[in-house]
Amino acid sequence: MTRVIDLHTHSSVSDGTDTPSLLVAAALEARIDVIALTDHDSTAGWEEARTAAAGSSLTVIPGMEFSTRLGWQSVHVLAYLFDPTDAELIAETARIRSSRLTRAEGIVHRLAVDYSLTWDDVLAHTQEGATVGRPHIADALVARGHATTRSEAFEAILHPRHGYTIPHYAPDPEEAIRLVRAAGGVPVLAHPATAGREAVFDDATLKRLVDAGLFGLEVGHRENTEKGKRMLRSFAERHDLVMTGSSDYHGLGKPNRLGENTTDEAALERIVAEGRGSDPFAP
Ligand code: AMP
Ligand code: FE
Ligand code: FE
Ligand code: ZN
């Protein structure tokens, strides 16, 4: 029997709308066998997910989606099975979350000039301690009637071209990859071939990330272009990188459905064999 494996999901610990417990319930309902919990810059959902999955048929791979920056481009690095108590990783993700908070307040300040919106509106859509991002601001804009969906708020208001969005601190992807490796984790580049981004990850750039310790590429993702996926597969084969596929589920925050893209068993086995910082939460 082949297992259904989805290695990229978000909970309300970042910008998903399901709590970790509800995410586990949704995965069981969708007949998924393995999910990775990969909240942005946070491991705060691990324990709740572990508890919720205990005694069920679901395996949870503990993970995170690390925010990094390459020049002006935001780049996401998925990290699996690292040690969540690693001091350097904790310090770096705390720095990112703190900068995200300051930056979100700054964005709301700018928005308030043209839209009725307060910081309290944003807090009302953010779980205590969560990694704050533009999705929470988008939800607040929707609640105020300035947009009808999170996606529409992004397109119409929060896209950088509209001038409200401010960047937050994020390390270089090579630095993030090194930190994940030093914590015993397995770094996989998230959705590297989204529209307009194929040029960012040319062979030379990918090669530098491989030299820093990159282990895999997320090829199966709804936002990767077909041309981009062909390029990624070719690169992965030449450099013996693992290829993953996943939903990037955000609950009601995005149309992405659990299991819409999946990872094969052999790829998961390689990731689990490589991870030394923590163990899967297995039945
Ligand atoms: P931030 O990290 O705060 O800049 O926000 C980026 C996050 O917003 C990503 O992780 C996505 O989950 C989400 N996002 C980006 N674009 C959209 C969109 N068009 N609709 C819904 N969510 C989006
Ligand atoms: Fe997100
Ligand atoms: Fe991402
Ligand atoms: Zn994601």
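Residues numbered from 1 in each chain as written. Chains lettered and ligands numbered in written order. Predicted model: local features only at pLDDT ≥ 70, side-chain atom pairs only at ≥ 80, totals over all residues. Heavy atoms only, no water.

### So, the packing of aromatic side chains
For step 1, the next point in the chain: What the rule picks out here adds up to three aromatic pairs.
For step 2, the next point in the chain: Both rings, one in Trp 46 and one in Phe 82, keep their centres 5.1 Å apart while their planes meet at 50°; by these two values the pair is tilted. With Trp 46 in helix 2 (residues 46-53) and Phe 82 in the loop between strand 4 (73-80) and helix 3 (87-114), the pair connects residues that are 36 residues apart, well separated along the chain. For the pair Trp 46 and Phe 82, a shared accessibility class is recorded, and that class is buried.
For step 3, the next point in the chain: Here Trp 46 and Phe 281 contribute two aromatic rings whose centre-to-centre distance is 6.4 Å and whose plane-to-plane angle is 75°, an arrangement assigned as edge-to-face. (Phe/Tyr/Trp six-rings, centres within 6.5 Å; stacked < 30°, edge-to-face > 60°. Helix = DSSP H or I, 4+ residues; strand = E, 2+ residues; numbered from the N terminus. Buried < 20%, exposed > 50% of the residue type's maximum accessible area, 1.4 Å probe, protein only.)

### Notes on the sheet that holds strand 7 (residues 242-245)
For step 1, the next point in the chain: One open sheet holds the seven strands; their spatial order is 1-2-3-4-5-6-7, and the pairing between them is mixed. Edge positions in the sheet fall to strand 1 (5-9) and strand 7, since each of these pairs with one other strand and no more. The sheet shows a mean angle of 35° between the axes of neighbouring strands, direction not considered.
For step 2, the next point in the chain: Here strand 1 pairs with strand 2 (residues 34-37) via three bridges, running parallel. Following the sheet pairing, Asp 6 is matched in strand 2 by Ile 35. (Pairing = 2+ DSSP bridges. Axes fitted to C-alpha atoms, helices over the stretch in contact; angles between N-to-C directions.)

### As for the site of ligand 1
For step 1, the next point in the chain: In the vicinity of ligand 1, 13 residues are found, and the nearest of them are His 40, Arg 100, Arg 103, Arg 134 and His 250.
For step 2, the next point in the chain: Within the side chain of Ser 151, one N or O atom sits 3.2 Å away from a nitrogen atom of ligand 1.
For step 3, the next point in the chain: Relative to its unbound accessible area of 500 Å², ligand 1 is 82% covered by the protein chains.
For step 4, the next point in the chain: With respect to the pocket detection grid, ligand 1 is positioned in the largest pocket.
For step 5, the next point in the chain: Those elements that provide at least two residues to the shell around ligand 1 are helix 3, helix 5 (134-143) and helix 6 (150-158).
For step 6, the next point in the chain: Residues belonging to the shell around ligand 1 are distributed by class as follows: two nonpolar, five polar and six charged. (Near = heavy atom within 4 Å. Polar contact = N/O pair within 3.5 Å; in protein donor to acceptor, adjacent residues only side chain to side chain. Areas by Shrake-Rupley, 256 points an atom, 1.4 Å probe, with all protein chains shown as cover. 1 Å grid on protein atoms, 1.4 Å probe; cavity = no way out; pocket = protein on both sides within 12 Å on 5 of 7 lines; lining within 4 Å. Sits in = over half its atoms within 2 Å of the grid points. Nonpolar A, V, L, I, M, F, W, Y, C, P; charged D, E, K, R; others polar.)

### Overview of the coordination of the zinc ion (ligand 4)
Reference geometry at the metal: tetrahedral coordination by four donors gives ideal angles of 109.5 degrees; octahedral coordination by six donors gives 90 or 180 degrees.
For step 1, the next point in the chain: Protein-derived coordination of the zinc ion (ligand 4) comes from His 8 (NE2), His 10 (NE2), Glu 65 (OE) and Asp 248 (OD), at a distance range of 2.1 to 2.3 Å.
For step 2, the next point in the chain: Relative to the metal, the four donor atoms surrounding the zinc ion (ligand 4) lie at angles of 77 to 166°, and the coordination shape comes out irregular.
For step 3, the next point in the chain: Site description for the zinc ion (ligand 4): donor spacing in sequence, H-x1-H-x54-E-x182-D.
For step 4, the next point in the chain: Here the iron ion (ligand 2) and the zinc ion (ligand 4) are spaced 4.3 Å from one another. Of this pair, His 10 sits in the loop between strand 1 and helix 1 (20-29) while Asp 248 sits in the loop between strand 7 and helix 10 (265-274), and the two are 238 residues apart along the sequence. (Donors = N, O, S within 2.8 Å, 3.2 Å for Na, K, Ca; no water. Tetrahedral: all angles 85-135°; square planar, octahedral: opposite > 155°, others 65-115°.)

### Re the pattern of salt bridges
For step 1, the next point in the chain: Inspection of the entire model under this criterion finds 14 salt bridges.
For step 2, the next point in the chain: Across the pair Glu 226 and Lys 229 runs a salt bridge whose closest N-O atoms are separated by 3.3 Å. Placement of both Glu 226 and Lys 229 in helix 9 (residues 226-238) is noted, with a separation of three residues, approximately one turn of the helix.
For step 3, the next point in the chain: Measuring nitrogen to oxygen at the nearest pair gives 3.6 Å for the salt bridge that ties Asp 240 to Arg 270. Here the residue Asp 240 occupies a position in the loop between helix 9 and strand 7, and Arg 270 occupies one in helix 10, the gap between them amounting to 30 residues.
For step 4, the next point in the chain: According to the relative accessible area criterion, Arg 270 is partly exposed, its value standing at 32%. (Salt bridge = Lys/Arg side-chain N within 4 Å of Asp/Glu carboxyl O.)

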